[in-house]
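# Reading the structure
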Amino acid sequence: MIAYDKESMVFTLHTCHTTYQMKADAYCVLLHTYYGPRISGGDLSNLIQYTDRGFSPNPGEAGHCRTYSLDTLPQEYSSCGVGDFRIPSIELELEDGSRIADFRYTGFEIHKGKYTLEGLPAFYGDQAETLILFLEDTASQVGLELYYGVFEQYDLITRAARVVNKGTVPVRLHQASSLCLDFQRSDLDLITFDGRHVMERCPNRAPLRPGVQRVSSVRGTSSHQHNPFVILCDHDANEEYGLCFGALLLYSGNFEAAVERSQFENTRLVMGVNPYHFCYTLEQGEVFTAPEAALICSPCGFTRMSQQFHRAIRQALLRDAHQDRRKPVLVNNWEATHFDFDAEKLVEIAKESAPLGIELFVMDDGWFGSRDSDLGGLGDWSVNQNKLPGGLEALVPRINQLGMQFGLWIEPEMINEDSALYRAHPDWALGMPGRAHTRGRSQLVLDFSRADVREHIYQALQTVLSSANIVYLKWDMNRSLSEVWSAAIPASRQGEVYHRYVLGLYDLLERFHQDYPGLLIEGCSGGGGRFDAGMLYYTPQIWCSDNTDAIDRLRIQYGTSFCYPVCTMGAHVSAVPNESNERITPLKTRGVVAMSGAFGYEMDLSKTTTEEKELIVQQIHTYKAHWKLIHQGDYYRLTDPFQNQAYTAWEHVSQDRREALVSYVTGSIHAAPPFVTLRLKGLDPQLCYQVNGSEESYRGDVLMLAGYPIPMMLGDYQSLQLYLIAKDETASQ
Ligand code: DGJ
């Protein structure tokens, strides 16, 4: 609900459990007055204290009043160059060389339904409401529109900003953030999700220190190294307790999340497109739209925050034609063959897969152009006839005849120098004449800021898609951007290329979404190098990591789960020893871990034993029986795999709390292991739950408060699953 009080100029946004408030003050400065657990309302600006602070200057209108300073006030969108020395939200450069921005409130609009952002991903929903606040920097004649989307049931508040040049001369934008959030406290921890290729999104938590702490990417993608999602929380917040604020940016390129603990123990979080190499020129009448950010506050710990993000992402961000249907269990040939395959090898794997219950065959990298290794071929999206005689027209019907659907790997944003495309259009790659290209995996990046380049790729892929019955694409992206310079635009516009690249990517993805509504696209960037909410708007699942080792995946999937729902995490059972770390884990455990995601296999099934095949059949059966519980239920982290090396456990609970699936995986074994009694979460204390279809049953309160005795399992990396279903009679009967 959005409430506006005309007299006090206070805007209050209520969700089911939270309240967010701001106020235009006497000088039309937009102050942030409150964000936290739901309260009744009123004007909360009484929380702001006005004191004379040395070296915190006072704006002209305040005369000689020394107690009013932008340097101390909590603001909704911080200014630049006018006496607030904390992180700015916006930086403008005018023709006269000045870099000053001082936006004041001029008006508002309230609408039913959620705003949209042209060309950018955004949460959607008719049930939501929109508030638009209009501000203006009079001297530069630049307008600022702050957008707020309120989704009551998810406790979700979205934000975005539009900068409009209303003057007659060009304005250069060096920064335009999506979100500025001021807190009148600094006793907070910051949690970020960091890592590297094959070890993404590991949580790091530390109390705020004085000064600015930031995570960011300058790689052109959101990156393996840092995720555009952060949490600020009470020092003692845990899964069930404490106030926490999750902030998510829906953007897949260079981002920055900066947090400042300032001199008077206030905190400011600013999130948006990274100002690094960013300079966007707005001619008269032109607009820049800052991507959407989304906030969820939980008064009772991380579990509630994560579950609300999961619901919001599943129901109001993913545009997934498959959402209410089970997605096919897939087998991907990458780890089985790498580039070394032909049609016969693929059909052999498919023949082994179909009888096990696998429904989709995905042909990974190596099927096109001169692609026999990663040295060439990218850009030439026509079938390699040596490997696949007769092309997809011949191969796909053979797969379909086995009762399997067919999917295809692509890497549309890339080009190898050894390709017909590069020989014809060397200037289509990002890079500068006169400077050597920096190669990443021996490849260059296509200039996706250019419509002509995108059009060519679209046409080429459309030809591929129309040549056969293809239901799935894996959209990969295997390097970071360098020499970011476009041959298609003038020098003065080169600061726009990073951002225009992302807009171009979204434009192409949207085109596929519109033209092929039933096509399932899985995102990928060397695994989880672009695992972000921006991509999820176009690709409802993303290959979570190139690391398929079940034990490392416990950590990766744990970290990812703080924001992103399990249905978005591509997770496959692969062969052992694992490619990434040579670890050997039991097939059973690999299945337990992978089925807590968008499930599939990534191994040569023609090399599995009869016993292994029987287990795979069981795994697929379990997944098919419980996919709804796994993908649409509430997710509970029962342990932290970074703290507890002995075992990791998690749980999916159905919305009506009548069903639950508990997964439990042990670490490397030590002699005489301790007894484990695992306390479950989210059950109905009054119900009696039957365990794994046996005679064994327990009351919900017993399972949650006393726990479940985990049977002793010897050997490394063992696992078990407990499927709990409420018996008809209640425990008290
Ligand atoms: C990186 C991906 O993450 C892998 O799964 C695989 O598709 C390779 N690229 C293929 O080059």
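Here, residues in each chain are numbered from 1, in the same order as that chain's written sequence. It should be noted that, the model being predicted, local features are given only for residues of pLDDT at least 70 and side-chain atom pairs only at 80 or more, the latter also being counted only at that level, while totals for whole chains, interfaces and linings use all residues. Computation of side-chain values: all heavy atoms of the structure, hydrogens and water removed.

### What to know about the packing of aromatic side chains
For any pair of aromatic rings, the description rests on two quantities: the centre-to-centre distance and the angle between the ring planes. So the rule is basically this: Working definition: a ring pair exists when centres of Phe, Tyr or Trp rings (six-membered ring for Trp) sit within 6.5 Å. Plane angles under 30 degrees give stacked, over 60 give edge-to-face, the rest tilted. Lysine NZ or arginine CZ positioned within 6 Å of the ring centre and within 35 degrees of the ring normal marks a charge as sitting over the ring.
Enumeration according to the criterion identifies 41 aromatic pairs in this entry. In textbook terms, an aromatic cluster arises when at least three aromatic residues are bridged by ring pairs, as seen for Phe193, Phe229, Phe302, Phe309, Tyr558, Phe562 and Phe642. Cation over ring: arginine 511 sits above tyrosine 458, and NZ or CZ is 3.7 Å from the ring centre.

### Considerations on the site of the ligand
Rules: Whether a residue is near a molecule or strand depends on its heavy atoms: if one lies within 4 Å, it is near. By the criterion applied in these results, polar contacts are pairs of N or O atoms within 3.5 Å in which, for protein atoms, one can donate a hydrogen and the other can accept it, and in which residues neighboring in sequence qualify only through two side-chain atoms. Only Asp, Glu, Lys and Arg are considered charged, only Ala, Val, Leu, Ile, Met, Phe, Trp, Tyr, Cys and Pro nonpolar, and every remaining residue, Gly among them, polar.
Surveying the vicinity of the ligand reveals 13 residues, the closest of which are Asp364, Asp365, Lys474, Asp476 and Asp546. Aspartate 546 is positioned such that a nitrogen or oxygen atom in its side chain is 2.3 Å from an oxygen atom of the ligand. A breakdown of the residues in the shell around the ligand according to their chemical character gives four nonpolar, three polar and six charged.

### Looking at the pattern of salt bridges
The criterion, for reference: Salt bridges are identified by distance alone: a Lys or Arg side-chain nitrogen within 4 Å of an Asp or Glu carboxyl oxygen. Going along the chain from the N terminus, every DSSP run of H or I of four or more residues is numbered as a helix, and every run of E of two or more is numbered as a strand. Summary of the burial criterion: residues with accessible area below 20% of their type's maximum are buried, those above 50% are exposed, and those between are partly exposed, where the area comes from a 1.4 Å probe applied to protein chains only.
Within the structure shown, the criterion is met by 50 salt bridges. Across the pair glutamate 240 and lysine 681 runs a salt bridge whose closest N-O atoms are separated by 2.5 Å. You can see glutamate 240 sitting in the loop between strand 15 (229-234) and strand 16 (244-249) and its partner lysine 681 sitting in the loop between strand 34 (676-678) and strand 35 (687-691), a full 441 residues away along the chain. A salt bridge links lysine 345 to glutamate 348; the nearest nitrogen and oxygen atoms lie 3.2 Å apart. Here lysine 345 pairs with glutamate 348, and both are found in helix 3 (residues 343-353), just three residues apart, close to one helical turn. A residue is classified by how much of its surface remains accessible, and glutamate 348, at 36% relative accessible area, is partly exposed. Through salt bridges with shared partners, a single ionic network connects Glu283, Glu286, Arg493, Glu496 and Arg500.

### Focus: helix 6 (residues 451-467)
Cut-off, in case you're wondering: What a helix is expected to span follows from its residue count: subtract one and scale by 1.5 Å. By definition, residues are in contact when any of their heavy atoms lie within 4.5 Å.
Along its 17 residues, helix 6 runs 24 Å from first to last C-alpha, staying within 8% of the 24 Å computed at 1.5 Å per residue. Taken together, the buried positions of helix 6 are Val453, Arg454, Ile457, Tyr458, Ala460, Leu461, Val464 and Leu465. Taken together, the buried residues of helix 6 touch helix 4 (391-401), strand 23 (405-410), helix 5 (420-424), strand 26 (472-475) and helix 7 (497-515).

### Re the sheet that holds strand 12 (residues 188-196)
Threshold: One bridge is not enough; two strands pair if DSSP finds at least two bridges between them. Between N-to-C directions, angles span 0 to 180 degrees; the directions come from axes that are lines fitted to C-alpha atoms, helices contributing only their stretch in contact.
Strand order in the open sheet made by the nine strands is 6-7-8-9-20-16-15-12-13, with antiparallel pairing throughout. Among the strands making up the open sheet, the edge pair consists of strand 6 (104-112) and strand 13 (199-207). Adjacent strand axes in the sheet meet at a mean angle of 20° when their direction is disregarded. Pairing geometry for strand 9 (residues 156-165) and strand 20 (residues 287-298), over eight bridges, is antiparallel. Within strand 20, the residue paired with leucine 156 across the bridge is isoleucine 296. Its contacts with the sheet place helix 9 (residues 550-560) against strand 12 and strand 13, and it is angled at close to 60° to strand 13.

### Regarding the sheet that holds strand 18 (residues 267-273)
Judged by pairing direction, the sheet is antiparallel, and its four strands sit side by side in the order 11-18-17-14 without closing on themselves. Among the strands making up the open sheet, the edge pair consists of strand 11 (179-183) and strand 14 (211-216). Between one strand axis and the next, the sheet turns by 10° as a mean value, whatever way the strands run. Where strand 17 (residues 255-261) lies against strand 18, seven bridges are found, and the strand directions are antiparallel. Each bridged residue has a counterpart across the sheet, and for alanine 258 the counterpart in strand 18 is valine 270.

### Points about a nonpolar patch on the surface
Defined as follows: Patch construction takes residues with relative accessible area above 30% that form no salt bridge. Like charges are linked within 9 Å, and nonpolar side chains (Val, Leu, Ile, Met, Phe, Trp, Tyr) are linked within 5 Å. A 1.4 Å probe and the Shrake-Rupley method give the accessible areas. Residues count as covered only by the protein chains that appear here.
Together, Ile669, Phe675, Met712 and Leu714 line one region of the surface with nonpolar side chains, adding up to about 470 Å² of accessible area. Within the secondary structure, phenylalanine 675 sits in the loop between strand 33 (659-666) and strand 34.

### As for the side chain of glutamine 541
Checked against the element boundaries, glutamine 541 lands in strand 28 (residues 541-543). There is a polar contact of 3.2 Å between the side chain of glutamine 541 and the side chain of lysine 327. There is a polar contact of 2.7 Å between the side chain of glutamine 541 and the side chain of glutamate 522. Excluding its chain neighbours within four sequence positions, the residues that come into contact with glutamine 541 are Lys327, Tyr472, Leu520, Ile521, Glu522, Gly523, Leu536, Cys567, Thr568 and Ala598.

### Here's the deal with the packing of helix 10 (residues 587-594) against helix 11 (residues 610-632)
In a pair of packed helices, the angle between the axes and the distance between the axes together describe the arrangement. Quick reminder of the rule: If an angle is under 35 degrees, it is roughly parallel; if it is over 145, roughly antiparallel; if it lies from 65 to 115, roughly perpendicular; otherwise it is oblique. Working rule for handedness: look at the near helix, and if it is turned counterclockwise from the far one by less than a right angle, call the crossing left-handed; if clockwise, right-handed.
At their nearest, the axes of helix 10 and helix 11 sit 10 Å apart, and the two run at 20° to each other. With respect to helix 11, the element helix 10 is oriented roughly parallel. At the point where helix 10 passes helix 11, the crossing takes the right-handed sense. Facing Leu587, Lys588 and Gly591 of helix 10, the residues of helix 11 in contact are Glu612, Leu615, Ile616 and Gln619.

### Examining the nonpolar core
The criterion, for reference: As used here, the term nonpolar core means buried Ala, Val, Leu, Ile, Met, Phe, Trp, Tyr and Cys residues forming a set that is joined through side-chain atoms within 4.5 Å.
Core analysis: the largest hydrophobic core is formed by 196 residues, its most contacted members being Met363, Trp367 and Trp381. By residue number, the principal contributor to this core is helix 7, which donates nine residues. Dropping the residues within four chain positions of it, tryptophan 381 is found in contact with Trp367, Phe368, Trp409, Ile410, Glu411, Pro412, Ile457, Ala460, Leu461 and Val464.

### Some words on the pairing of strand 8 (residues 142-151)
The buried fraction of strand 8 amounts to ten of the ten residues, a majority that puts the element mostly inside the structure. Across the two faces of strand 8 the burial is the same, with Val142, Leu144, Leu146, Tyr148 and Val150 and Gly143, Glu145, Tyr147, Gly149 and Phe151 all buried. Of the strand pairs in this sheet, strand 7 (residues 129-137) and strand 8 are connected by nine bridges, and their pairing is antiparallel. Bridged to leucine 133 within strand 8 is leucine 146. Once strand 7 ends, the chain turns through four residues before running back antiparallel as strand 8, passing glutamine 141 with a positive phi of about 60°. The loop that links strand 8 with its antiparallel partner strand 9 comprises four residues; one of these, aspartate 155, has a positive phi angle of about 55°.

### As for the side chain of histidine 174
Mapped onto the secondary structure, histidine 174 falls in strand 10 (residues 171-176). Among the residues examined, histidine 174 registers a relative accessible area of 13% and is labelled buried. Polar side-chain contacts of histidine 174 include one of 2.6 Å to the side chain of glutamate 93. A distance of 3.2 Å separates a polar atom in the side chain of histidine 174 from a polar atom in the side chain of arginine 99. Discounting chain neighbours no more than four positions away, the residues touching histidine 174 are Glu91, Glu93, Arg99, Pro275, Phe278 and Cys279.

### Details of helix 1 (residues 301-316)
A rise of 1.5 Å per residue sets the reference length of helix 1, with its 16 residues, at 22 Å; its end C-alpha atoms lie 23 Å apart and thus fit the reference within 8%. Burial analysis of helix 1 places 14 of its 16 residues in the buried class, the great majority of the element.

### Some details on the state of the cysteines
Keep this limit in mind: Our working definition of a disulfide is a cysteine sulfur pair at a distance within 2.5 Å.
For the structure shown, the criterion picks out zero disulfides. Cysteine 202 forms no disulfide, and the closest cysteine sulfur to it belongs to cysteine 544, at a distance of 11 Å.

These results come straight from atomic positions and should not be treated as a statement about function.
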